[in-house]
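These are the residues of each chain, in order.
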Amino acid sequence: MTVYFIGAGPGDPELITLKGARLIAACPVCLYAGSLVPPQVVEGVPEGARVMDTAPMTLDEILAEIEAADAKGLDVARVHSGDPSLYGAIAEQIRRLDAKGIDWEVIPGVPAFAAAAAAMGKELTLPEIAQTVIITRTAGKASAMPEGEDLDTLGRSRATLALHLSVRNLREIERRLIPHYGEDCPVAVAYRVGWPDQAFLYGTLGDIREKVRKAKLTRTALIFVGRVLGDEDFRDSALYDGAHPHVLRPKRKLATG
């Protein structure tokens, strides 16, 4: 028996790996995070499968379902949104499974920040503009940020930021980042990426808070901050530059007459 932690992607039922979809179709028990995973993602479960939405469940209740499946020798599809490695709360489940000797495997999924960038048609790393993407969040009611991971510290890098779970903290984001990025720095807020009602708001660090307030966005939004969102004046990369040879495109000899 194995518990498969499956990344379902950000919402679009087609943004799931072939392996993830195959395992959902094969596992007789399916526990999915219904608050962020649409029911269509788990429609392909086997006939007669036990399917439960874990959004209202506690960790103990989820583990009890897994232990019951283990006792019967039934594989479990534990379906999470996005990619399980990012804010997936799988580590605490894995720790308990290890303690009980229950096998598990993690199947990666499309992370929300990648799906949002694709929907916006944006590359988050541009030559000489930004070559680093920081995936982070701000402190909330559930947990504080570790020392050294505050926005003031991270903002000094001036890297592209992808801020999860932070749409209610735009005032703090504005206050902490404007000194490093400037009030005119482009910002994009991606709401419910991959869902039928997905939406995007564009602005700057100086005006995005008011735009979000007017749109009444209070949850399920991802915030991007960085010059890559608005800068069109960047040089081409060396990847396809004919004057830049590499191992797969050696320097060509000039023809001689």
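Here, the structure is the one placed above.
Residues numbered from 1 in each chain as written. Predicted model: local features only at pLDDT ≥ 70, side-chain atom pairs only at ≥ 80, totals over all residues. Heavy atoms only, no water.

Using the criterion set out here, one finds 12 salt bridges in the structure. A salt bridge links K19 to E105; the shortest N-O distance between them is 2.9 Å. With K19 in helix 1 (residues 18-26) and E105 in strand 5 (residues 103-107), this residue pair connects regions lying 86 residues apart in the sequence. Measuring nitrogen to oxygen at the nearest pair gives 4.0 Å for the salt bridge that ties K211 to D207. (Salt bridge = Lys/Arg side-chain N within 4 Å of Asp/Glu carboxyl O. Helix = DSSP H or I, 4+ residues; strand = E, 2+ residues; numbered from the N terminus.)

Turning next to helix 1. Taken residue by residue, helix 1 has G20, L23 and I24 as its buried positions. Viewed end-on, helix 1 has its buried residues packed into an arc of 100 degrees, placing them on one side of the element. Of the exposed residues in helix 1, the ones pointing more than 90 degrees away from its buried face are L18 and A26. Those residues of helix 1 hidden inside the fold are in contact with strand 1 (2-7), strand 4 (76-80) and strand 5. (Buried < 20%, exposed > 50% of the residue type's maximum accessible area, 1.4 Å probe, protein only. Arc of directions from axis to C-beta. Contact = heavy atoms within 4.5 Å.)

As a further point, take the packing of helix 6 (residues 170-181) against helix 7 (residues 208-215). Running from N to C, helix 6 and helix 7 cross one another at 170 degrees; their axes reach a closest spacing of 9 Å. Considering the angle they form, helix 6 stands roughly antiparallel to helix 7. Between helix 6, through L170, R171 and E174, and helix 7, the contact on the second element is made entirely by I208, R209 and V212. Considered class by class, the residues forming the contact of helix 6 with helix 7 number three nonpolar, no polar and three charged. (Axes fitted to C-alpha atoms, helices over the stretch in contact; angles between N-to-C directions. Parallel < 35°, antiparallel > 145°, perpendicular 65-115°, else oblique. Nonpolar A, V, L, I, M, F, W, Y, C, P; charged D, E, K, R; others polar.)

Bear in mind that shape data such as this cannot, by itself, settle questions of function.
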